[in-house]
Amino acid sequence: MDRPEAPCSSVQPRAAAARELLLAALEDLSQEQLKRFRHKLRDAPVDGRSIPWGRLERADAVDLADQLTQFYGPEPALDVARKTLKRADARDIAAWLKEQRLQRLGPSSAALLSVSEYKRRYREHVLRQHAKVKERNARSVKITKRFTKLLIAEGAALECEAPEPGGDEPQPERARRSDTHTFNRLFSRDEDGQRPLTVVLQGPAGIGKTMAAKKILYDWAAGKLYQGKVDFAFFMPCAELLERPSPCSLADLVLDQCPDRSAPVRQMLKAPERLLFILDGADELPAPGPAEAAPCTDPFEAAGGARVLGGLLSKVLLPKARLLVTTRAAAPARLQGRLCSPQCAEVRGFSDKDKKKYFYKFFQDEHRAERAYRFVKENETLFALCFVPFVCWIVCTVLRQQLDRGQDLSRTSKTTTSVYLLFIVSVLSPAPASDGPRLQGELRKLCRLAREGVLERRAHFAEKDLERLQLRGSKVQTLFLSKKELPGVLQAEVTYQFIDQSFQEFLAALSYLLEDEGPSRAPAGGVQELLQGDQELCHHLALTTRFLFGLLSAERLRDIERHFGCVVPERVKQDVLKWVQDQGQRRPRVAPEGAEETNLPEGTKESESDSDSGSDSDSEGEGEGEAEAEEEAEEEEFSFPLALLYCLYETQESAFVRQALRGHPALALERLRLSRLDVAVLSYCVRCCPAGQALRLTSCALPAPPKKKKKSLVKRLQNSLSGSSSQGTTRKPQASPLRPFCEALMDRQCGLTSLTLSRCKLPDWACRDLAEALRQAPALAELNLLHNGLSEGGLRALSEGLAWPGCRVQTLRLQQPGLQDGLQPLVGLLRHSPALTSLDLSGCRLSEPMVTYLCAVLQHPGCRLQTLSLTSVELSAQSLEELQAVRTAKPGLVIAHPALDSRPEPVHGFSTAL
């Protein structure tokens, strides 16, 4: 037999060579030896299994070679055959087979390793390989010492899918810290007893998805996860898979992760229910198209990375295998058509407690860690941003450099953009001043490379890309790019990627401002290319666009000029401003959706007709209406207005935000679970909004207030022994999550005129905060509270705010069918409300005593009401007579109800007792 020059390195050539060797050995046996071989093969099962005798009894050499290969796998079949040949007294052929195997396939284990025996070796290999992780600056740290627990919310929605209905549990309480129990729950059975085979970990860039996936792999190898359920787990970076230069099979990919080439791959793949594949960065897959090749179905078929990944994701390849998929939260639409019944979980970053832990793990010096953490904790916005692990790493890196140099920590800024920019400045600043021009030139080229990658959706770059831009061997390459080697056909292929994908997107945004001056520079054409490329702000350019807004602030532009010697033309900022304003003109005006949308300042007539159209559903009572509200609040959708507000927030420039929002006179946020950072962003933009601005929140779940920490038994005993009690001490009330928004409403610069809260389930604490804002809001003239599940206590607090002398609300719309007699505080405020002239109670339920009370208040000398709308309220004959009498007594008061215009004048002298 001819022998190749080198041992085989891929699965398919090795399998063919193994079968060829096996067949050659068996064909050298005499008929008597072949008979003994068949009997010995039957009597000595391997790993408790043997080929059924019916397949062996009359098999010739060719049949035996096929049976052995199919049953045990090509290479394990050689070991089985060699051992069986010894027992069949064919030792010379067994020795030849061993020698030929060594020459053609390379060294192997002395004894055949079964799958059960190989598990231990593979776990030890994974523990060694993944014990350390590389930080973004290429420094290796132990994963057990650096990994900090993340918040993971199970049952999250993939894109626009509605999560399981579950009612009122607020967002933070649904998230669990990523301990062993939480990771184990990812593949646990649901209420119907079904076990998910695909789990999607989604979250924004830098939130810690990859680190969490690697910790899951490490904990599995350490025996902490999926014991008795998963025999082998494989970590597969999707970006690297997609950029492999040659086709490969899934078996090849598995073999690449094994410690040696003797892995029983075929046997491992025969039990897919015992396998876990961790596909990191699945959003790198191109969106499925009509001309896309069919996904791979055979684990031994050599195919492109997209086909292999597509087969795993769609469950046509190893359908019983477990999949753990990580993806950006903004890109699940690209996976929507591929995934088969996924269970989704959302990675939400660090809790406040874990932020502190991260600081201590990073600095490894208690004094320095405490100093840095205390500084960040006092900077409220910066502390909020640190929930993203990559941002937290950058902040810690910058603070460590500042501490090492004895610099003032106050240099650190408070937006993501400013933190990233400060990181670049801090990393480059130790260079000698003479190197400044060279480094600035290299940075421009690096930003250009980042921009090319973002626009082309590339995260890996070849050496020729660096050579083309003269970046190979440069200082910026060593500082900001990490080097990786991918297996190639003849030799490993070297690729480079940025220290983090979000960092690549930041540098791409910076490239638009660092372009060389001169005739070759397009007049902001590049900026238009970026803005037009993702006008919805929900695809791969969204984060780059947000960074661009942040870099255009006056303070950041001064930083760019000071540190990089580049003056950005004013036209760039003006073009971005015009784009924002054009988005408001291009998008259709928010249309009403029935009774709950009567808040739009489109005119009274349209509002009343919309209210009337919803009368049937409203009159059926609170049960059905509130159930519908809960269902709507559970559906979460992408919101362009919120994404735009994040862009504006990055600027931290109130004049720019005010100009930009003039193109968006009405902002509508719908079906969102608002986080604390969402509220902070919304609050900043509300503080800067121009006069006449309207804001509507529909089916938006508010963040829950922080849980009150319970005192330990020892602490309570100490308090009781010292004589202190809860009555004797005044506790400082905790700030509610809505407080920043309410403080923004009270800002003198706030021009918000109309506020609508629809189906937002306002708890009492939110009503108290809102009531406080109503007392001082300088421009708020219209308030619409629609189907919010208000309690009597919440409505009483709001009524007190509306009755405050400084309140300027002129129009109040309330739709709350379940309160009935609980409306008394609201009705009572009409006697001394300073500004309220229009009240719409359409959709409410008014009892006869409440209508009597209302009529009495309307005739009070202090009541300034001019319009009362009851268009969809069911009223008794007596109530209608009382209202008709009020209209007669106060001709300047307009009372709108369909039945009033057709009723005769009531008898004078009806009771108006309170």
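Here we summarise the structure given alongside this text. (Residues numbered from 1 in each chain as written. Predicted model: local features only at pLDDT ≥ 70, side-chain atom pairs only at ≥ 80, totals over all residues. Heavy atoms only, no water.)

### Overview of the overall build of the chain
Each helix and strand in the chain was counted, giving 42 helices and 20 strands. Split into buried and exposed, the 914 residues of the chain put 54% on the buried side. A fraction of 77% describes how many contacts in the chain between residues 6 or more apart in sequence connect residues 24 or more apart. Element-wise, carbon and sulfur atoms account for 49% of the exposed surface of the chain, whose accessible area totals about 40300 Å². (Helix = DSSP H or I, 4+ residues; strand = E, 2+ residues; numbered from the N terminus. Buried < 20%, exposed > 50% of the residue type's maximum accessible area, 1.4 Å probe, protein only. Contact = heavy atoms within 4.5 Å. Areas by Shrake-Rupley, 256 points an atom, 1.4 Å probe, with all protein chains shown as cover.)

### Description of helix H4 (residues 61-72)
Under the 1.5 Å per step criterion, the end-to-end length of H4 is 16 Å for 12 residues, consistent within 8% with the ideal 16 Å. If you check which residues of H4 are buried, you get Ala61, Leu64, Ala65, Gln67, Leu68, Thr69, Phe71 and Tyr72. At the exit of H4 stands Gly73, carrying a positive phi of roughly 95°. (Expected span 1.5 Å × (residues − 1).)

### Describing the sheet that holds strand S7 (residues 275-280)
Backbone hydrogen bonds are what pair the strands of a sheet, in a parallel or an antiparallel way. Reading across the sheet, the seven strands line up as S4-S3-S9-S5-S8-S7-S6 and stay open at both edges, with mixed pairing between neighbours. Of all strands in the sheet, those bounded by a partner on one side alone are strand S4 (175-177) and strand S6 (232-237). Neighbour-to-neighbour, the strand axes of this sheet turn through a mean angle of 25°, independent of strand direction. Here S6 runs beside S7; their pairing, made up of six bridges, is parallel. By the bridge assignment, Phe235 is partnered in S7 with Ile278. (Pairing = 2+ DSSP bridges. Axes fitted to C-alpha atoms, helices over the stretch in contact; angles between N-to-C directions.)

### A short note on the packing of aromatic side chains
Using the criterion set out here, one finds 27 aromatic pairs in the structure. An angle of 35° between the planes, with centres 6.3 Å apart, marks the rings of Phe503 and Phe506 as tilted. Of this pair, Phe503 and Phe506 both sit in helix H25 (residues 501-514), three residues apart, roughly one helical turn. Each member of the pair, Phe503 as well as Phe506, is classed as buried. Taken together, the aromatic side chains of Phe390, Trp393, Tyr420, Phe423, Phe480, Phe503, Phe506 and Phe547 make up a single cluster linked through ring pairs. Positioned above the aromatic ring of Trp53, the side-chain terminus of Arg42 is 4.4 Å from the ring centre. Positioned above the aromatic ring of Phe187, the side-chain terminus of Arg322 is 5.9 Å from the ring centre. (Phe/Tyr/Trp six-rings, centres within 6.5 Å; stacked < 30°, edge-to-face > 60°. Lys NZ or Arg CZ within 6 Å of the ring centre and 35° of its normal.)

### Thoughts on the side chain of Thr544
The topology assignment puts Thr544 in helix H27 (residues 542-551). Here Thr544 is in contact with Val454, Glu505, Ala508, Ala509 and Leu530, once residues within four sequence places are set aside.

### A look at helix H22 (residues 436-456)
With 21 residues, H22 ought to run about 30 Å at 1.5 Å a step, and its terminal C-alpha atoms sit 30 Å apart, in line with that. Following H22 by one or two positions, Arg457 adopts a phi angle in the positive range, close to 60°.

### Some words on a negative patch on the surface
Among the surface-exposed residues, Glu27, Asp28, Asp60, Asp63 and Asp92 lie close enough to one another that they form a single negatively charged patch. Within the secondary structure, Asp60 is located in the loop between helix H3 (53-56) and H4. Residue Asp60 is classed as partly exposed on the basis of its relative accessible area of 38%. (Patch = residues over 30% accessible without salt bridge, like charges linked within 9 Å, V, L, I, M, F, W, Y side chains within 5 Å. Salt bridge = Lys/Arg side-chain N within 4 Å of Asp/Glu carboxyl O. Lys, Arg positive; Asp, Glu negative; His and termini not counted. Charge placed at Lys NZ, Arg CZ, Asp CG, Glu CD.)

### Focus: the pattern of salt bridges
The full count for this structure, using the stated rule, is 37 salt bridges. Residues Arg19 and Asp66 are paired through a salt bridge, measuring 2.4 Å at the closest nitrogen-oxygen approach. Note that Arg19 is positioned in helix H1 (residues 11-27) and Asp66 in helix H4, a separation of 47 residues in sequence. A relative accessible area of 26% places Asp66 in the partly exposed class. Note that Lys355 and Asp352 form a salt bridge whose closest N and O atoms lie 3.2 Å from each other. Of this pair, Lys355 and Asp352 both sit in helix H17 (residues 352-363), three residues apart, roughly one helical turn. According to the relative accessible area criterion, Lys355 is buried, its value standing at 3%. Residue Asp352 is classed as partly exposed on the basis of its relative accessible area of 47%.

### Comments concerning the pairing of strand S17 (residues 811-815)
Burial analysis of S17 places five of its five residues in the buried class, which makes it a mostly covered element. Side-chain alternation along S17 places Thr811, Arg813 and Gln815 on one buried face and Leu812 and Leu814 on a second face that is also buried. Bridge analysis of strand S16 (residues 782-786) against S17 gives five bridges, and the strand direction is parallel. Note on S17: the bridge partner recorded for Asn784 is Arg813. Sheet topology places S17 next to strand S18 (residues 838-840); three bridges connect them, and they run parallel. Looking at the pairing, Leu812 lines up with Leu839 of S18.

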